[in-house]
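Residue-level listing of the chains:
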Amino acid sequence: MDKLKTLIVDDEPDSISTLRNFLLEYCPSVVVVGEATSIDEAHQKIDLCAPHLVFLDINMPGGDGFKLLKRI
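Residues numbered from 1 in each chain as written. Predicted model: local features only at pLDDT ≥ 70, side-chain atom pairs only at ≥ 80, totals over all residues. Heavy atoms only, no water.

**As for the nonpolar core**
- Formed by Leu7, Val9, Ala36, Ile39, Ala42, Ile46, Met60 and Leu68, the largest nonpolar core amounts to eight residues.
- Every element with two or more residues in this core is listed here: strand S1 (4–9) and helix H2 (39–49).
- Broken down by element, this core gets its largest block of residues, three residues, from H2.
- Setting aside its immediate chain neighbours within four residues, alanine 42 contacts Leu7, Val9, Ala36 and Leu68. (Core = buried A, V, L, I, M, F, W, Y, C linked by side-chain atoms within 4.5 Å. Buried < 20%, exposed > 50% of the residue type's maximum accessible area, 1.4 Å probe, protein only. Helix = DSSP H or I, 4+ residues; strand = E, 2+ residues; numbered from the N terminus. Contact = heavy atoms within 4.5 Å.)

Take a look at the structure:
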């Protein structure tokens, strides 16, 4: 089975770490290809990594997750 490329977007490093650890432990078909801590960084990494799945925090500095969805 192909791995599901995933990007984690959150402004809280502890949340990113926790989610990454859960995915490593419980979701062997998921590979985290990147992390982003802002909407702008997430937009760049989505273009660069072309993930299949994005775990997207809603409330972030500089805009919310819905702003990013509109941009992509």
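**Observations regarding a nonpolar patch on the surface**
- A contiguous nonpolar patch, built from Ile58, Phe66, Leu69 and Ile72 and spanning about 390 Å² of accessible area, is present on the exposed surface.
- Secondary-structure assignment places leucine 69 in helix H3 (residues 65–71). (Patch = residues over 30% accessible without salt bridge, like charges linked within 9 Å, V, L, I, M, F, W, Y side chains within 5 Å. Areas by Shrake-Rupley, 256 points an atom, 1.4 Å probe, with all protein chains shown as cover. Salt bridge = Lys/Arg side-chain N within 4 Å of Asp/Glu carboxyl O.)

**Considerations on the packing of aromatic side chains**
- Applying the stated criterion to the full structure yields one aromatic pair.
- Look at phenylalanine 22 and tyrosine 26: their rings are 6.2 Å apart centre to centre, the planes differ by 35 degrees, and that puts the pair in the tilted class. Here tyrosine 26 and phenylalanine 22 lie together in helix H1 (residues 13–26), a separation of four residues that amounts to about one turn.
- With relative accessibility at 59%, the residue tyrosine 26 sits in the exposed group. (Phe/Tyr/Trp six-rings, centres within 6.5 Å; stacked < 30°, edge-to-face > 60°.)

**Digging into the side chain of threonine 6**
- Along the polypeptide, threonine 6 turns up in strand S1.
- Here leucine 4 takes part through its backbone oxygen, which lies 3.2 Å from a polar atom of the side chain of threonine 6.
- Beyond its immediate chain neighbours, meaning those up to four positions away, threonine 6 contacts Val30, Val31, Val32, Val33, Gly34, Pro51, Leu53 and Phe55. (Polar contact = N/O pair within 3.5 Å; in protein donor to acceptor, adjacent residues only side chain to side chain.)

**Some words on the sheet that holds S1**
- Strand order in the open sheet formed by three strands is S2-S1-S3, and the pairing between neighbours is parallel. Of all the strands in the sheet, the pair left with one neighbour each is strand S2 (30–36) and strand S3 (53–56). Across the sheet, the mean angle from the axis of one strand to that of its neighbour is 25 degrees, orientation sign disregarded.
- Packed onto the sheet, H2 meets S1, S2 and S3 and runs at close to 140 degrees relative to S2. (Pairing = 2+ DSSP bridges. Axes fitted to C-alpha atoms, helices over the stretch in contact; angles between N-to-C directions.)

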